[in-house]
Amino acid sequence: MIKLHDKYFKPFISEGEIMAAIKKIADQVAVDYKKETPIFVGVLNGAFMFVSDFLKAYPHPCEVSFVRLSSYQGLTSTGIVESLLDVPENIEGRSVIILEDIIDTGRTVKKLIDLFSNTKVKEFKIATLFYKSEVYNGEYDIDYFGMKIEDKFIVGYGLDYNELGRNLRAVYQLNQKHMINLVLFGKPGAGKGTQASFLKERYNLKHISTGDVFRYNIKNGTELGTLAKSYIDKGELVPDEVTIKMLQDEVEKNPDASGFIFDGFPRTTAQAKALDDFLVSKEMRIDATIALEANDEVLIQRLLERGKVSGRSDDQDEKMIRNRFDEYNEKTAPLKDYYDDQGKFHSVNGIGSIEDITSRLAKVIEELQAV
Ligand code: AMP
């Protein structure tokens with residue numbers, strides 16, 4: 001396992017496998033071009049290693065040149081491909097074979113085709129070492145590829161994560177296991193939001209509060225907001241389908257996160273199951289559910305105090321608060337058993353100073369990290 005910036009990567013494709021893939025491409029191109037002297041055009045920065053080893057494996061006369069494109073930023077494609085180094089001169093009438101390290105969605109391919117479209121080359125071909133054929137949606141059929149790979153974020157052998165990792169001799173893939181995903185569990189007023197704001201800083205996690213997302217939508221008058229308001233104002237839960245979809249969208253918006261704190265979600269068994277299934281599909285999982293425990297009378301006082309400051313209408317009326325507790329007891333409390341059965345349920349005393357409670361939570365998290 002290696003660490004680059006804040007992320008861990010595990011071995012994925014060995015040096016030997018890479019060399020075999022390159023030899024396969026070189027042999028195919030050699031058969032097709034042995035009667036002429038093709039110009040290989042490497043796409044910088046990522047392809048520099050591939051170009052070097054490809055040329056060593058190519059048995060006939062050839063020339064080499066480079067273009068420089070840039071599109072990746074972090075772990076997700078920005079979608080914008082810039083050309084930073086122009087096409088080589090004097091390629092008119094020549095056969096050009098692009099050497100690309102990896103092809104995924106095809107945005108870079110499109111840019112390359114644009115770049116070479118008015119150069120009057122004799123032939124234009126594309127060879128890529130790695131090919132994410134499942135996500136490629138370009139019209140151009142890739143001419144040569146070394147190996148097809150799944151849509152995983154990879155580094156090494158020229159490929160980088162925020163500029164690190166290019167010098168690795170093998171290819172590594174992102175290891176999601178080092179993420180920590182937490183569910184903060186507890187009745188309204190237990191301090192989930194307050195604690196989440198400390199924990200997210202300390203452990204570099206993304207905090208998702210479904211209540212906050214609903215309130216944001218209400219404030220901005222969206223359709224989702226209008227729908228949510230009709231439930232929130234009665235102290236009832238918003239229907240599962242709506243909440244689950246919204247939660248998934250929030251996770252999808254943060255592909256670079258090194259973990260999540262789910263606050264106020266899941267609140268029903270259906271939500272917990274949907275969350276597990278969704279995380280599995282992303283090769284993620286919940287590491288722990290931590291409950292902040294406090295008794296109802298303390299919570300009611302806290303909520304009424306909070307209502308005075310925050311203006312949250314659902315915190316200002318004791319009847320509404322009690323209704324939220326009833327909803328909790330009926331629909332959310334059974335989740336304790338759900339997570340207990342998975343060996344993930346932890347309980348922390350939620351009464352005391354904010355710092356003391358943060359320390360209690362940190363202790364649970366640090367035990368998880370030590371595993
Ligand atoms: P909170 O800020 O977490 O106390 O949430 C405020 C209100 O938003 C709740 O009383 C519910 O009406 C709604 N809500 C928040 N999260 C959920 C959820 N996971 N499922 C259903 N409703 C939710």
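Residues numbered from 1 in each chain as written. Predicted model: local features only at pLDDT ≥ 70, side-chain atom pairs only at ≥ 80, totals over all residues.

- If you check an unreviewed UniProt entry, the chain appears there as Adenylate kinase from Arenibacter troitsensis.
- Recorded in UniProt for the chain, the comment headed Function (unreviewed entry) runs: "Catalyzes the reversible transfer of the terminal phosphate group between ATP and AMP. Plays an important role in cellular energy homeostasis and in adenine nucleotide metabolism."
- Comment text from UniProt for the chain, heading Pathway (unreviewed entry), reads "Purine metabolism; AMP biosynthesis via salvage pathway; AMP from ADP: step 1/1." (UniProt positions renumbered as here; feature names shortened; annotations may be inferred.)

**Overview of the overall build of the chain**
- Counting its regular elements, the chain contains twelve helices and 15 strands.
- Across its three principal axes, the chain shows a C-alpha extent of roughly 85 × 45 × 30 Å. (Helix = DSSP H or I, 4+ residues; strand = E, 2+ residues; numbered from the N terminus.)

**Description of the pairing of strand β10 (residues 171-174)**
- The pairing of strand β2 (residues 7-13) with β10 spans four bridges and is antiparallel. Across the sheet, residue P11 finds its bridge partner in β10, namely Y172.
- Direction of pairing for strand β9 (residues 154-155) relative to β10: antiparallel, over a ladder of two bridges. Residue I154 lies in a different strand from β10, and its bridge partner there is Q173. (Pairing = 2+ DSSP bridges.)

**Notes on the sheet that holds strand β1 (residues 2-4)**
- Here we have four strands laid out as an open sheet, ordered β1-β2-β10-β9, and antiparallel in their pairing. Edge positions in the open sheet fall to β1 and β9, since each of these has one partner strand only.

**Quick word on the environment of K148**
- Turning to its location among the elements, K148 is positioned in strand β8 (residues 144-148).
- Classification of K148 as partly exposed rests on a count of 13 C-beta atoms within 10 Å.
- Sequence separation between K148 and P38 is 110 residues, and the spatial gap between their C-alpha atoms is 25 Å.
- Filtering out sequence-adjacent residues up to four positions away, K148 remains in contact with Y131 and S133. (Buried ≥ 20, exposed ≤ 12 C-beta atoms within 10 Å, placed from the backbone. Contact = placed C-beta atoms within 7 Å.)

**As for the nonpolar core**
- Core analysis: the biggest nonpolar cluster contains 43 residues, and F50, F54, I98, L99 and A127 have the highest contact counts within it.
- Considering every element that reaches this core, the biggest residue donor is strand β6 (residues 95-103), with six residues.
- Setting aside anything within four residues of it in sequence, one finds A127 in contact with I25, V29, I97, I98, L99, D143 and Y144.
- Among the nonpolar cores identified, the runner-up in size contains 31 residues, and I208, L247, I321 and Y339 belong to it. (Core = buried A, V, L, I, M, F, W, Y, C linked by C-beta atoms within 7 Å.)

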